[in-house]
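Single-letter residue listing:
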Amino acid sequence: TWQAMEALVDAGLVKSIGISNFNVQLIRDLLTYARIKPAVNQVEIHPFMRQARLVEHTKAIGDMHTSAYSPLGNGKLGLQDETVLKIAKKHNRTAANVMIKWGIQYGVSVLPKSVTPERIAENANMSVVLFSIFSFKYVFSGFPSLRSSGVDLAFA
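This text gives an overview of the structure that appears in the document. (Residues numbered from 1 in each chain as written. Predicted model: local features only at pLDDT ≥ 70, side-chain atom pairs only at ≥ 80, totals over all residues. Heavy atoms only, no water.)

## Quick word on the overall build of the protein
Right, so step 1: Secondary structure assignment for the protein yields 8 helices and 6 strands.
Right, so step 2: Of the regular secondary structure in the protein, the N- to C-terminal order runs α-β-α-β-α-β-β-β-α-α-β-α-α-α.
Right, so step 3: Relative to its full complement of 156 residues, the protein shows a buried share of 36%.
Right, so step 4: Of all intrachain contacts in the protein linking residues separated by at least 6 positions in sequence, the fraction that spans at least 24 positions is 67%.
Right, so step 5: Here the protein displays about 9,000 Å² of accessible surface, and carbon together with sulfur accounts for 58% of that area. (Helix = DSSP H or I, 4+ residues; strand = E, 2+ residues; numbered from the N terminus. Buried < 20%, exposed > 50% of the residue type's maximum accessible area, 1.4 Å probe, protein only. Contact = heavy atoms within 4.5 Å. Areas by Shrake-Rupley, 256 points an atom, 1.4 Å probe, with all protein chains shown as cover.)

## Structural notes on the side chain of Gln-51
Right, so step 1: Within the secondary structure layout, Gln-51 lies in the loop between strand E2 (40-44) and helix H3 (52-61).
Right, so step 2: Within the structure, Gln-51 has its side chain in polar contact with the backbone oxygen of Glu-44 (distance 2.7 Å). (Polar contact = N/O pair within 3.5 Å; in protein donor to acceptor, adjacent residues only side chain to side chain.)

## Let's talk about unusual backbone geometry
Right, so step 1: Look at Ser-70: it is not a glycine, yet its phi comes out positive at around 55°.
Right, so step 2: Of note, Ser-70 is situated in the loop between strand E3 (65-69) and strand E4 (73-74).
Right, so step 3: Judged by relative accessible area, which is 24%, Ser-70 ranks as partly exposed.
Right, so step 4: Positive phi, close to 55°, is recorded for Asn-92, a residue that is not glycine.
Right, so step 5: Examined against the element boundaries, Asn-92 turns out to sit in the loop between helix H4 (82-91) and helix H5 (95-106).

## Brief notes about the sheet that holds E2
Right, so step 1: Taken in spatial order, the 4 strands of this open sheet run E1-E2-E3-E6, and their pairing is parallel. The open sheet has two free edges, formed respectively by strand E1 (19-20) and strand E6 (109-111), since each of these has just one partner strand.
Right, so step 2: Here 5 bridges tie E2 to E3, and the two strands are oriented parallel to one another. Paired with Val-43 across the two strands is Ala-68, which belongs to E3. (Pairing = 2+ DSSP bridges.)

## Quick look at H3
Right, so step 1: Looking at H3, one finds that the buried residues are Leu-54, Val-55, His-57, Thr-58 and Ile-61. Here the buried residues of H3 occupy an arc of 160° about the axis, which is enough to place them on one side. Among the exposed residues of H3, those pointing more than 90 degrees away from its buried face are Arg-53 and Ala-60.
Right, so step 2: Of the surrounding secondary structure, the elements contacted by the buried residues of H3 are helix H2 (24-33), E2, E3 and H5.
Right, so step 3: Downstream of H3 by a residue or two, Gly-62 has a phi angle that is positive, lying close to 80°. (Arc of directions from axis to C-beta.)

## A short note on the pattern of salt bridges
Right, so step 1: Per the stated rule, a full pass over the model turns up 3 salt bridges.
Right, so step 2: With a closest N to O distance of 3.9 Å, Glu-6 and Arg-35 form a salt bridge. Here the residue Glu-6 occupies a position in helix H1 (residues 2-10), and Arg-35 occupies one in the loop between H2 and E2, the gap between them amounting to 29 residues.
Right, so step 3: Residue class for Glu-6 comes out buried when judged on its relative accessible area of 2%.
Right, so step 4: A salt bridge links Glu-82 to Lys-86; its shortest N-O distance comes to 3.2 Å. Taken as a pair, Glu-82 and Lys-86 lie in helix H4 at a separation of 4 residues, close to a single helical turn.
Right, so step 5: You can call Glu-82 exposed: its relative accessible area is 54%.
Right, so step 6: Among the ionic contacts, a cluster of salt bridges with common partners joins Glu-6, Asp-10 and Arg-35. (Salt bridge = Lys/Arg side-chain N within 4 Å of Asp/Glu carboxyl O.)

See below:
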């Protein structure tokens, strides 16, 4: 229960507590009885599932951050998406760099994962990853086909 998690904070066993996959209504409900606000809500977010209403609601609450899992999408709607690949090529970056950069520019933290040894090694070398992500800029308008659909597509 949320009260049990708050007890962990009170006992000094954890510094922060959070939630996962909470929508706007679940957050509103939780805040009616929570003594301690969640520090983070971890949800699926990527250019194909922006969850704009949820992200805006979380920002409006203050003191709560949104963290994106599955920030790379999945298959054709992700690292193989034509628009993503065009942006990656234009900036001499990987599709993963573009998707991660999108999440950062969107204002959420990103938690990419991989089962491929090469990708895990690349992700472990944070100096390479940070250079790849922060050494280029692009504008959301690079994703017009993704922003105009208004449809969020879940992959998890």
